[in-house]
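# Report on the structure
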Amino acid sequence: MQRRVLPQLIALVLLLAALVFVVQRVQAGFAANSITLDWSIFTQPSPLTQGTYLTTILIGMLLTIRLALIGIVLALLLGTLVGISRLSVNPVVNRVAGAYVEFFRNTPLLVQIFFWNFGVINVLPAGIKNWLFDHSPEQWAVIAALSVYTSSYIAETIRAGILSVHKGQAEAAKSLGLSGSDVLTRIILPQAFRAVLPPLGSQFLNLTKNSSLASQIGVAELFYYGTQIQSYTFRGFESITAITVAYLILSLTITLLLNLLSRRLALPGR
């Protein structure tokens, strides 16, 4: 027992020593550059929104959550459809799905956001365009880009999950009289989603963090407001720290929810 505890104690001491060293180096860097921290700026009135600068951060955080939730749902639906199409016996469907994955996965997300915002919206039918201009077109351009970009990764994840399900299960289900769609929706996909939940969670996290690129087209989400606070207060370290903490809270919340879901879907005895 002592042999097991001793390495853990040594590791803990080394970790604490490293943490103290880093803190001292950061403090020394601040002192050398005459930098003082002032966290009270977040209690000051904000010209960006009603309330304080902390309120501004929270408002941006809420919009980030909205972009992420809508994007996750759409990306999951699109990714599942494309992932299934990648396994189609129809060569046209298979190749179109493959081209979709390769195109959107291998082009920068920021370029796709610009493409949707400055290109696609302008060529849509008048009715759709007018509706978008009445409902924050920049936000919908970001949602479209995030959904399509992330779905190209989710598609490959779903495809791998489907391939992990033993073919004998599909054959047994068909022998019992189930149709192809029933086999897919009742037998294969439930097991595939359970198998690929961890990598799907990683994609959800990436989508949430990638939403920070929305600031490049003026969408007032978390990163946008954080950088605006920096411009107004000239407090760069405090502003960036607030952004970091906010994204950390979002990421940890998503991770917690996914862990709870994994436990809920875990097979008995595992």
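A brief look at the structure comes next. Everything quoted here is computed from the prediction, not taken from an experiment. Every chain is numbered on its own, with residues counted from 1 as its sequence reads. Per-residue local features of the predicted model are confined to residues with pLDDT of at least 70, and side-chain atom pairs are confined, for both listing and counting, to 80 or more; whole-chain, interface and lining totals are unaffected and use all residues. Computation of side-chain values covers all heavy atoms of the structure but excludes hydrogens and water.

## Quick notes on the overall build of the protein chain
The helix and strand labels rest on DSSP assignments: H or I over at least four residues marks a helix, E over at least two residues marks a strand, and numbering proceeds from the N terminus. The secondary structure content of the protein chain amounts to 11 helices and 0 strands. Of the regular secondary structure in the protein chain, the N- to C-terminal order runs α-α-α-α-α-α-α-α-α-α-α. Expected size for 270 residues packed as a compact globule is a radius of gyration near 18 Å; at 24 Å, the protein chain overshoots this value by more than 25%. Going through the 270 residues of the protein chain one by one, you find that 35% of them count as buried. Here, residues are in contact when the closest pair of their heavy atoms is within 4.5 Å. Considering only contacts within the protein chain whose residues lie at least 6 apart along the sequence, 72% involve residues at least 24 apart. Separation of charge centres in the protein chain, based on 18 positive and 9 negative side chains, amounts to 14 Å. Only the C-alpha atoms count toward the radius of gyration. The rule for a globule is 2.2 Å times the residue count to the power 0.38. Type-normalised accessible area, obtained with a 1.4 Å probe on protein chains alone, sets the label of each residue: buried when under 20%, exposed when over 50%, and partly exposed for intermediate values. Lys and Arg are tallied as positive, Asp and Glu as negative. Neither His nor the chain termini are counted. We put the charge of a Lys on NZ, of an Arg on CZ, of an Asp on CG and of a Glu on CD.

## Thoughts on the packing of aromatic side chains
Any pair of Phe, Tyr and Trp rings, taking the six-membered ring for Trp, is counted once the centres come within 6.5 Å. Such a pair is stacked with planes under 30 degrees apart, edge-to-face with planes over 60 apart, and tilted for the rest. Tallied over the entire structure, the rule returns 8 aromatic pairs. With 5.8 Å between their ring centres and 65 degrees between their planes, Tyr224 and Tyr225 make a pair best called edge-to-face. Counting every residue linked through ring pairs, the aromatic cluster contains Tyr100, Phe103 and Phe104.

## Notes on the layout of surface pockets
Both site types are read off a 1 Å grid over the protein atoms alone. A 1.4 Å probe that fits but cannot get out defines a cavity, while an open set with protein on both sides within 12 Å along at least five of seven lines defines a pocket; lining residues have an atom within 4 Å of a point. Grid points are joined across faces, edges and corners, and a volume is the space filled by probe spheres set on the points. Approximately 420 Å³ is the volume found for the largest pocket. In terms of lining, the largest pocket is formed by 13 residues, of which the most central are Leu87, Ile162, Ala170, Leu184 and Ile188. With 4 residues, the top contributor of residues to the lining of the largest pocket is helix α8 (residues 180–195). There is about 300 Å³ of room inside the second largest pocket. Together, 13 residues line the second largest pocket, and Leu69, Ile72, Thr253, Ile254 and Leu257 are the ones closest to its centre. Residue assignment for the lining of the second largest pocket shows that the elements contributing at least two residues are α2 (53–85), α9 (197–210) and α11 (236–265). Residues are sorted three ways: Asp, Glu, Lys and Arg are charged, Ala, Val, Leu, Ile, Met, Phe, Trp, Tyr, Cys and Pro are nonpolar, and all the rest, Gly among them, are polar. Here the residues of the lining of the second largest pocket are counted per class, giving 11 nonpolar, 2 polar and no charged.

## Structural notes on the pattern of salt bridges
Within this document, salt bridges are pairs made up of a side-chain nitrogen of Lys or Arg and a carboxyl oxygen of Asp or Glu, the two lying within 4 Å of each other. Evaluated as defined, the whole model comprises 4 salt bridges. In this structure, the salt-bridge partner of Arg86 is Glu156, at a minimum N-O distance of 3.0 Å. Here Arg86, found in the loop between α2 and α3 (91–105), pairs with Glu156, found in helix α6 (residues 137–164); they are 70 residues apart in sequence, far enough to count as distant. There is no split in this pair, since Arg86 and Glu156 are both buried. The closest approach of N and O atoms between Glu156 and Arg159, which form a salt bridge, is 3.0 Å. With Glu156 and Arg159 both in helix α6, this residue pair falls 3 residues apart, about one helical turn. Since its relative accessible area comes to 24%, Arg159 is described here as partly exposed. Taken together, the shared-partner salt bridges connect Arg86, Glu156 and Arg159 into one network.

## Some points on the side chain of Thr157
Structurally, Thr157 can be placed in helix α6. Pairs of N or O atoms within 3.5 Å make up the polar contacts considered here, provided that, within protein, one atom can donate a hydrogen while the other can accept it, and that residues adjacent in sequence are counted only when both atoms are side-chain atoms. Among the polar contacts listed, one links the side chain of Thr157 to the backbone oxygen of Tyr153, at a separation of 3.2 Å.

## What about the packing of α6 against α9?
Running from amino to carboxyl end, α6 crosses α9 at an angle of 165 degrees, the nearest separation of the two axes being 10 Å. Classified by the interaxial angle, the pair formed by α6 and α9 is roughly antiparallel. Handedness of the crossing formed by α6 with α9: right-handed. In contact with Leu146, Tyr149, Thr150, Tyr153, Ile154, Thr157 and Ile158 of α6, α9 contributes Pro199, Leu200, Gln203, Phe204, Leu207 and Asn210. Residues that form the contact of α6 with α9 fall into these classes: 9 nonpolar, 4 polar and no charged. Comment: axis = line fitted to C-alpha atoms, over the contacting stretch for helices; angle = value between 0 and 180 degrees taken between N-to-C directions. For classification, angles of less than 35 degrees are called roughly parallel, those exceeding 145 degrees roughly antiparallel, those between 65 and 115 degrees roughly perpendicular, and all remaining angles oblique. Handedness of a helix crossing follows the sense of rotation of the near helix relative to the far helix, less than a right angle counterclockwise being left-handed and clockwise being right-handed.

## Side note on unusual backbone geometry
Of note, the phi angle at Ser136 is positive, near 55 degrees, even though the residue is not glycine. Tracing the chain through its elements places Ser136 in the loop between α5 (126–134) and α6. Ser136 sits in the partly exposed class, given a relative accessible area of 33%. Of note, Phe234 is a non-glycine position whose phi angle comes to about 60 degrees, a positive value. The residue Phe234 is located in the loop between α10 (222–233) and α11 in this model. Looking at Phe234, the relative accessible area reads 73%, which means it is exposed.

On their own, these measurements won't tell you what the molecule is for.
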